[in-house]
Amino acid sequence: MAETLNSLPAADGFRMPAEWEPHAGCWMIWPERADNWRAGGGPGQAAFAEVAATIARFEPMTMLVSAGQWANARALLPPAVRLVEAGTDDAWCRDSGPSFLTDAHGRLRGVDWGFNAWGGLYAPFDRDEMVAAKVLETERAPRYRAPLVLEGGSIHVDGEGTVLTTEECLLNPNRNPGLSRAEIEQHLKDYLGVSTVIWLGAGLVHDETSGHIDNIACFVRPGVVALTWCDDPADPQYAISRDAYERLSKARDARGRNIEVVKLPLPGPLFRREDEAIEIDSGGTMSRHFGERLGGSYVNFYIGNGLVLMPFLDPAHDEEARAILAGLFPDRTVIGLPTREILLGGGNIHCITQQQPAGVPG
């Protein structure tokens with residue numbers, strides 16, 4: 001059984017590595033939720049399968065899948081993808097999964113954050129709340145249980161002491177209403193092994209996660225941040241991206257560096273078509289209605305071993321965004337996949353993946 005620790009990761013010498021550091025593998029969750037994945041889940045499952053198969057060419061891939069979907073997932077996924085049976089409520093492994101940590105001795109552990117479905121976006125979410133513990137149990141990795149509701153998509157680290165996040169998400173009263181900004185910062189430092197928190201304001205327009213950082217900005221290497229950029233003053237994203245740019249331009253990372261900002265174009269804007277709507281009473285607050293704006297972003301990419309896997313969302317900007325990422329990651333193959341079906345469920349490639357850094361559980 002994986003050990004549950006009562007100490008603090010930072011005090012134990014652990015930190016969350018940057019996404020570009022070497023991986024032991026990647027985790028995903030098979031989608032099947034009928035009120036979130038249209039047409040019985042088929043189109044979404046095809047998109048997830050393509051993401052998993054692509055990543056599996058570069059690093060080990062594990063898919064959590066329910067008993068009822070096992071045969072279907074096995075048929076759609078290549079043999080290289082390992083299946084682990086686990087019940088879940090939805091398929092956002094970045095957010096319900098653990099944040100893996102390592103130390104200077106190459107040991108691997110993980111943080112199990114509190115999870116409440118982005119402030120109650122859907123219910124129930126008790127099986128998703130257990131995903132991190134199940135993943136750590138599968139890997140026999142010691143587990144830290146954090147006293148903080150937090151999703152992995154709301155943080156991005158440079159591996160050198162800096163975490164990037166948004167006020168819209170982490171300070172949202174639907175997550176940790178009893179905690180102050182200073183208390184939340186201290187938890188980030190204790191559980192991620194960072195010393196500097198860079199706060200952006202709002203996230204992407206119409207991001208139903210309350211502004212996750214992985215839709216608006218991310219580190220691509222220490223001291224360099226990719227930022228979703230909008231050139232249309234009439235678009236509400238215009239002012240948000242400029243505010244983020246100003247904050248990043250004034251910020252210093254944990255090593256005292258200025259932040260270089262690289263702009264990625266905003267796709268679209270994109271809207272849900274009539275055939276993509278799901279008119280089902282979910283019992284929660286999920287909205288999948290015709291005409292609503294989708295939170296599309298090229299920042300929502302995954303960095304793997306030798307790979308950057310990015311969403312293709314808008315033919316007018318796909319290749320421009322791919323070229324920018326290719327310039328930022330010259331030592332990696334940049335691959336774009338059409339991921340509108342994932343976007344329709346409320347996220348994208350980064351949201352459905354969770355990297356496991358290289359390390360030996362201990």
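Bear in mind the structure is a predicted one, so any value in this text is a computation, not a measurement.

Sorry, what's going on with the nonpolar core here?
Nonpolar side chains tend toward joint burial in soluble globular proteins. The biggest cluster of nonpolar side chains holds 46 residues, and the ones touching the most others in it are Val51 and Leu77. The dominant element in this core, judged by the number of residues it contributes, is helix H1 (residues 42-56), at seven residues. Filtering out sequence-adjacent residues up to four positions away, Leu77 remains in contact with Trp30, Ala49, Ala52, Met63 and Leu83.

Explanation requested: the packing of aromatic side chains in the structure shown.
By convention here, two paired aromatic rings are described through the distance between centres and the angle between planes. If you walk through the whole model with that rule in mind, you get eight aromatic pairs. Aromatic side chains Trp118 and Tyr122 sit 5.4 Å apart centroid to centroid with 65 degrees between the ring planes, which places their arrangement in the edge-to-face category. Seen from their ring centres, Phe301 and Phe329 are 6.0 Å apart, and the 75 degrees between their planes marks the pair as edge-to-face. Taken together, the residues Phe301 in the loop between strand E15 (293-294) and strand E16 (302-304) and Phe329 in the loop between helix H10 (318-328) and strand E18 (333-338) connect sequence positions 28 residues apart. Here the two residues Phe301 and Phe329 agree in accessibility, since each one is buried. Of the aromatic side chains, those joined through ring pairs into one cluster are Trp37, Phe48 and Trp92. Arg181 extends its terminal NZ or CZ atom over the ring of Trp199, reaching a point 4.6 Å from the ring centre.

Just checking my understanding: could you explain helix H8 (residues 181-192) for this structure?
An α-helix turns once every 3.6 residues. As a result, residues three or four positions apart point the same way. If you check H8, its first and last C-alpha atoms are 16 Å apart, about what twelve residues at 1.5 Å a residue would give, namely 16 Å. Restricting attention to buried positions, one finds in H8 the residues Ile184, Glu185, His187, Leu188, Asp190, Tyr191 and Leu192. At the exit of H8 stands Gly193, carrying a positive phi of roughly 70 degrees.

When you look at the sheet that holds E18 in this model, what are you seeing that I'm missing?
By definition, the strands of a sheet pair up through backbone hydrogen bonds, in either a parallel or an antiparallel sense. Here we have three strands laid out as an open sheet, ordered E16-E17-E18, and mixed in their pairing. Lying at the two open borders of the sheet, with one neighbouring strand each, are E16 and E18. Averaged over all pairs of adjacent strands, the angle between strand axes in this sheet comes to 25 degrees, irrespective of strand direction. Pairing analysis gives three bridges linking E16 to strand E17 (residues 307-312), with the strands arranged antiparallel. Pairing of Tyr302 across the sheet is with Leu309, part of E17. Running at roughly 160 degrees to E17, H10 makes contact with E17 and E18 of the sheet.

I tried to follow H10 on my own but got confused; where do I start?
Along H10, the positions that sit buried rather than exposed are Asp318, Ala321, Leu325 and Leu328. Along H10, the residues classed as buried sweep out an arc of 90 degrees about the axis, all on the same side. Turning to H10, the residues buried within the fold contact strand E11 (217-221), strand E12 (224-229), strand E13 (260-265), E17 and E18.

Any chance you could explain empty space enclosed by the protein here in plain terms?
Over the atoms rolls a probe the size of a water molecule, and its path tells where empty space is left. Scanning all chains against the criterion turns up five cavities of 30 Å³ or more. Estimated volume of the largest cavity: approximately 80 Å³. Along the wall of the largest cavity there are 15 residues; nearest its centre are Trp92, Trp118, Glu208, Gly345 and Gly346. A per-class count over the lining of the largest cavity returns six nonpolar, five polar and four charged.

What is the right way to look at the environment of Tyr122 in this model?
Here Tyr122 is to be found in the loop between helix H4 (117-120) and helix H5 (126-129). According to the relative accessible area criterion, Tyr122 is buried, its value standing at 2%. Residues Tyr122 and Asn36, spaced 86 residues apart in sequence, show a C-alpha to C-alpha distance of 9.9 Å. In terms of polar contacts, Tyr122 uses its side chain to reach the side chain of Asp128, at 2.3 Å.

Calculation notes
- Residues numbered from 1 in each chain as written.
- Predicted model: local features only at pLDDT ≥ 70, side-chain atom pairs only at ≥ 80, totals over all residues.
- Heavy atoms only, no water.
- Core = buried A, V, L, I, M, F, W, Y, C linked by side-chain atoms within 4.5 Å.
- Buried < 20%, exposed > 50% of the residue type's maximum accessible area, 1.4 Å probe, protein only.
- Helix = DSSP H or I, 4+ residues; strand = E, 2+ residues; numbered from the N terminus.
- Contact = heavy atoms within 4.5 Å.
- Phe/Tyr/Trp six-rings, centres within 6.5 Å; stacked < 30°, edge-to-face > 60°.
- Lys NZ or Arg CZ within 6 Å of the ring centre and 35° of its normal.
- Expected span 1.5 Å × (residues − 1).
- Pairing = 2+ DSSP bridges.
- Axes fitted to C-alpha atoms, helices over the stretch in contact; angles between N-to-C directions.
- Arc of directions from axis to C-beta.
- 1 Å grid on protein atoms, 1.4 Å probe; cavity = no way out; pocket = protein on both sides within 12 Å on 5 of 7 lines; lining within 4 Å.
- Points joined across faces, edges and corners; volume = space filled by probe spheres on them.
- Nonpolar A, V, L, I, M, F, W, Y, C, P; charged D, E, K, R; others polar.
- Polar contact = N/O pair within 3.5 Å; in protein donor to acceptor, adjacent residues only side chain to side chain.

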